[in-house]
Amino acid sequence: QFLFDAFISLIKKGKDANIVSVMPQKPCSAPRAQVSKVLVLGSGGLSIGQAGEFDYSGSQAVKAMKEENLKTVLMNPNIASVQTNEVGTKQADSVYFLPITPKFVTEVIKVERPDGILLSMGGQTALNCGVELFQSGVLKKYGVRVLGTSVESIMATEDRQLFADKLMEINEKIAPSIAVESASDALKAAEQIGYPVMLRSAYALGGLGSGLCANKEKLEETAHKALAMTRQILVEKSLLGWKEVEYEVVRDVADNCVTVCNMENFDPLGIHTGDSIVVAPSQTLSNEEYHMLRETAIKVVRHLGIVGECNIQYALHPSSLEYCIIEVNARLSRSSALASKATGYPLAFVAAKLALGIPLPEIKNAVSQKTTACFEPSLDYIVTKIPRWDLDRFQGMSHEIGSSMKSVGEVMAVGRTFEESMQKALRMCHPSVDGFVPRLPLKKAWADSQDLHQELAVPSSTRIFSLAKSLHSGMSVDRIYELTAIDKWFLHKLRRITQLEHELANYNSSSIPKELLLKAKQDGFSDRQIGQILGSSEREARKLRLNHGIKPWVKQIDTLAAEYPAMTNYLYCTYHGQEHDLDFNDRGIMVLGCGPYHIGASAFF
């Protein structure tokens, strides 16, 4: 890439110059972290906001450390996790089932004497604990080095005032906000900014304590609750109705940066990303918007000095190029787990290697087994993530969702179109759901006093089914957009599903054309759905499909745009295809999982 520049320099220097003198100097590589024993902090027991994603990241971190021949000590009291397994070449050398608190971590440090500690794999729990250990001088006293992103950089992303100050240094845009430490100061800040305001907690898990406040009474109530759990809250101007977009970025010590995945929330700003339907890659951004946010993400990550993996969340105005940075997570998160599975890029494994000072070009790409990890994945499919709630388990619990997370699990579906992946994800989330249908899970009846306009205007765990009902009843996309602020691209795609369902209803099993049946399968309709629409059974619909030679094709997640053969074991089925990506001659054994985490079925499966 520098050859043309070198050629011009050679011409300028004249006939006495040689090619060596004009070639760019090889940059000095940063020294690797000189550690022999690493303490990895887990996230503790599963909770809303911290679930299996940190078992995944911790397991990958331990695997990366063992690959580099480092002694690994793991602290995690969660018995139902892969990372705390007793034996195995990829398991930790020592496992402590102790609380992730400064007191117990200090005791383990005294006994084990590690020379490095990894904070970014245990979520908010590990991060907060690490910050306390740093501030109390424990890490310095025992000579324990924080691997990857420094504690100063972590504090700059977690402390709301420091974060705002850091972004102002590089003239980046954030929502007008004021950090306060008391409810009375919060009320003064809100008066200054103007209602409605969004209240956010510092060092918080899953958006705990945050919320939209339309008036003084609501703000006072929310602020008192938030300050019971944290010492600092941020009062910021509400950007309700803006799009929410996320980027996953990795950066190494040599300042190489890669944006691994960008994701777009189906729901507008105001709903915690863990409670929102998320689509990857983003579908409604223009090329200009995509690259504007990508360049900003790299600029911010470099300025904050993050080494490893980072998640950056934006609010983007739906009809202009105006944007604000909502927050930066200098750690692995739930979004990181989604991005990793969606792209096949092993984010946690790579982040652990980066924390040791290994640059991206020296880490092997797990997908191709030939190229390096210094590449940006290219996807030829769409991934849809849908949360799983179990709010019915709690009497009197509101089904409304907002900036504080309530979901207990989530699913990811892969398809070649949005319609296909959306319908597949809805079925994965709950066995009683057939797809994008105007019926509630478990065949529950709609409330007699249901106000469909209110159901659409107020985000809830069942709003997706209210959307289906409104489209089935003939409500216009423009009217739904006015009520929900969900991008019209998504609404038009969902309307296509209902239109196809209405078209299918004009036929029966003996009269439906093959082309229409194939189109229904390509848009994610299940055999049971088709059977119900045609007035037959699931078995008969399947038999009809097979008689027409309509079968699914097994495709491999390929993040390299077919430039290199993919080696990943991530597979999906689609009716958009002409051949399988793999041969199935090994006659293997199928293992069935339990589906998304829900109350009663969790990490132990």
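An unreviewed UniProt entry annotates the protein as carbamoyl-phosphate synthase (ammonia) of Tetraodon nigroviridis. Regarding the protein, the relevant UniProt record gives this comment under Catalytic activity (unreviewed entry): "hydrogencarbonate + NH4(+) + 2 ATP = carbamoyl phosphate + 2 ADP + phosphate + 2 H(+)".

Visitor: Hey, could you run me through the environment of S153 in this one?
Guide: Following the sequence through the fold, S153 ends up in helix 7 (residues 151-158). For S153, a relative accessible area of 8% translates into the label buried. A C-alpha to C-alpha distance of 13 Å links S153 and Q135, two positions 18 residues apart in sequence. Setting aside its immediate chain neighbours within four residues, S153 contacts L304 and G305. In this structure the side chain of S153 is engaged in a polar contact, spanning 2.6 Å, whose partner is the backbone oxygen of L304.

Visitor: Mind showing me how you'd approach the nonpolar core here?
Guide: Nonpolar side chains tend toward joint burial in soluble globular proteins. Among the nonpolar cores identified, the biggest contains 50 residues, and V38, L118, M121, L147, V250, Y345 and L360 are the most heavily contacted of them. Breaking this core down by element, the ones donating at least two residues are strand 1 (37-41), helix 3 (53-67), strand 11 (257-265), strand 12 (278-280), helix 12 (334-343) and helix 13 (347-355). With 8 residues, helix 13 is the single largest residue contributor to this core. Two domains share this core, each providing at least three of its residues, namely domain 1 (37-41 + 49-147) and domain 3 (243-381). For L147, the contacting residues outside a window of four places in its chain are A33, V35, V38, G116, I117, L118, A355 and L356.

Visitor: For this particular structure, what's the right way to read the packing of helix 3 against helix 13?
Guide: In a packed pair of helices, the relevant descriptors are the angle between the two axes and the axis-to-axis distance. Between helix 3 and helix 13, the shortest axis-to-axis distance is 8 Å and the interhelical angle comes to 45°. As summarised for this structure, helix 3 and helix 13 are arranged oblique, according to the angle between their axes. Of the two elements, helix 3 crosses helix 13, and the hand of that crossing is right-handed. On the side of helix 3, the interface is formed by Y56, S57, Q60, A61, K63, A64, M65 and E67, while helix 13 contributes L347, A348, F349, A352 and K353. Here the residues of the contact of helix 3 with helix 13 sort into 8 nonpolar, 2 polar and 3 charged.

Visitor: What am I meant to see in the packing of aromatic side chains here?
Guide: Each aromatic ring pair is described using two quantities: the centre-to-centre distance and the angle formed by the ring planes. Per the stated rule, a full pass over the model turns up 9 aromatic pairs. A centroid spacing of 5.9 Å and a plane angle of 90° characterise the contact between Y247 and Y314, whose relative ring orientation is edge-to-face. Residue Y247 is found in strand 10 (residues 243-251), and its partner Y314 is found in strand 13 (residues 308-316); the two are separated by 67 residues along the sequence. The exposure class of Y314 is buried, given its relative accessible area of 0%. Summarising the aromatic geometry, the rings of Y314 and Y323 are spaced 5.9 Å apart at their centres and angled 80° between planes, so their arrangement reads as edge-to-face. For Y323, a relative accessible area of 6% puts it in the buried group. Linked through ring pairs, Y247, Y290, Y314 and Y323 together constitute an aromatic cluster. Sitting over the ring of F349, K63 keeps its end group 5.4 Å from the ring centre. Taking NZ or CZ as reference, K103 lies 5.7 Å from the ring centre of F104, over its face.

Scoring rules and cut-offs
- Residues numbered from 1 in each chain as written.
- Predicted model: local features only at pLDDT ≥ 70, side-chain atom pairs only at ≥ 80, totals over all residues.
- Heavy atoms only, no water.
- UniProt positions renumbered as here; feature names shortened; annotations may be inferred.
- Helix = DSSP H or I, 4+ residues; strand = E, 2+ residues; numbered from the N terminus.
- Buried < 20%, exposed > 50% of the residue type's maximum accessible area, 1.4 Å probe, protein only.
- Contact = heavy atoms within 4.5 Å.
- Polar contact = N/O pair within 3.5 Å; in protein donor to acceptor, adjacent residues only side chain to side chain.
- Core = buried A, V, L, I, M, F, W, Y, C linked by side-chain atoms within 4.5 Å.
- Domains from an automatic or database assignment.
- Axes fitted to C-alpha atoms, helices over the stretch in contact; angles between N-to-C directions.
- Parallel < 35°, antiparallel > 145°, perpendicular 65-115°, else oblique.
- Left-handed = near helix turned anticlockwise from the far one by under 90°.
- Nonpolar A, V, L, I, M, F, W, Y, C, P; charged D, E, K, R; others polar.
- Phe/Tyr/Trp six-rings, centres within 6.5 Å; stacked < 30°, edge-to-face > 60°.
- Lys NZ or Arg CZ within 6 Å of the ring centre and 35° of its normal.

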